[in-house]
Amino acid sequence: MQLDKKELRDIYKKKRKDLDDSTRFKASVEICKQLFNHSFYKKAKTIGFYVSLDDEVETILLIEQALKKKRIAVPKVEGENMNFYRIQSLTDLDEGSFHVFEPTTPYITRPNKMDLIVVPVLSFNKEKYRLGYGKAFYDKYLKDYKGHTIGLAFSTCECDESFQDEYDIPLEVIITENKIYE
């Protein structure tokens, strides 16, 4: 029996919440190492990063390190759309929509100015389709994006089901603590 996206979201939200803090942190560190060593990251000058929630792959430390050598933009939900804004430090973030930290700067970064976007992943399948939170902000944004995409996920969130539909955009790469899907 094929599960619908809502059922899959519930399953994988629980799987992520069931990870203890130590396991989540160790996995996040390994994922960060693999991201920093990936050619897409190394070559990128401007990177769009999501700001992690408590149970997601940790990105605050990633952003802090990346700010030393790269131009960084983070997303902000504005109505039905999402835009990326350049930040120069973590102090340029404040709690916004959905309790996610968002940029407070006015420096919008257009999609064609980003070489790489690092995308949050609730769950994913072998075809590198991601399951998000159901608002389709990233799918809408990535529809016309021409740069590289990397999703960050915990290995326990790999799904055997083909849940994608015509609106879903596959990622180029998904990095977990155990494997890189390319």
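The structure under discussion appears in the preceding block.
The rules we used
Residues numbered from 1 in each chain as written. Predicted model: local features only at pLDDT ≥ 70, side-chain atom pairs only at ≥ 80, totals over all residues. Heavy atoms only, no water. Salt bridge = Lys/Arg side-chain N within 4 Å of Asp/Glu carboxyl O. Helix = DSSP H or I, 4+ residues; strand = E, 2+ residues; numbered from the N terminus. Buried < 20%, exposed > 50% of the residue type's maximum accessible area, 1.4 Å probe, protein only. 1 Å grid on protein atoms, 1.4 Å probe; cavity = no way out; pocket = protein on both sides within 12 Å on 5 of 7 lines; lining within 4 Å. Points joined across faces, edges and corners; volume = space filled by probe spheres on them. Nonpolar A, V, L, I, M, F, W, Y, C, P; charged D, E, K, R; others polar.

Asks: Sorry if this is basic, but what is going on with the pattern of salt bridges here?
Replies: Between side chains of opposite charge, a pair can form when the charged atoms approach closely. Throughout the structure, instances matching the rule amount to nine salt bridges. The partner of aspartate 165 in a salt bridge is lysine 5, and the shortest N-O contact between them spans 3.2 Å. Here lysine 5 lies in helix α1 (residues 5-18) and aspartate 165 lies in the loop between β10 (148-152) and β11 (173-175), a separation of 160 residues in the sequence. Of the charged contacts in the structure, one is a salt bridge between lysine 126 and glutamate 158, with a shortest N-O distance of 2.6 Å. One end of the pair, lysine 126, is in the loop between β8 (123-124) and β9 (130-131); the other, glutamate 158, is in the loop between β10 and β11, and 32 residues separate them in sequence. Residue glutamate 158 is classed as partly exposed on the basis of its relative accessible area of 22%. Here the salt bridges share partners, and the residues they tie into one network are Lys5, Asp165 and Asp168.

Asks: How do you make sense of the layout of surface pockets when you look at a structure like this?
Replies: Which parts of space are left empty comes out when a probe the size of a water molecule is rolled across the atoms. Roughly 570 Å³ of internal volume is contained in the largest pocket. If you go around the largest pocket, you meet 28 residues; those closest to its centre are Arg130, Tyr133, Lys135, Phe137 and Tyr138. Only α1, β2 (71-78), β9 and α5 (137-142) provide two or more residues apiece to the lining of the largest pocket. In terms of residue class, the lining of the largest pocket is built from 15 nonpolar, three polar and 10 charged.

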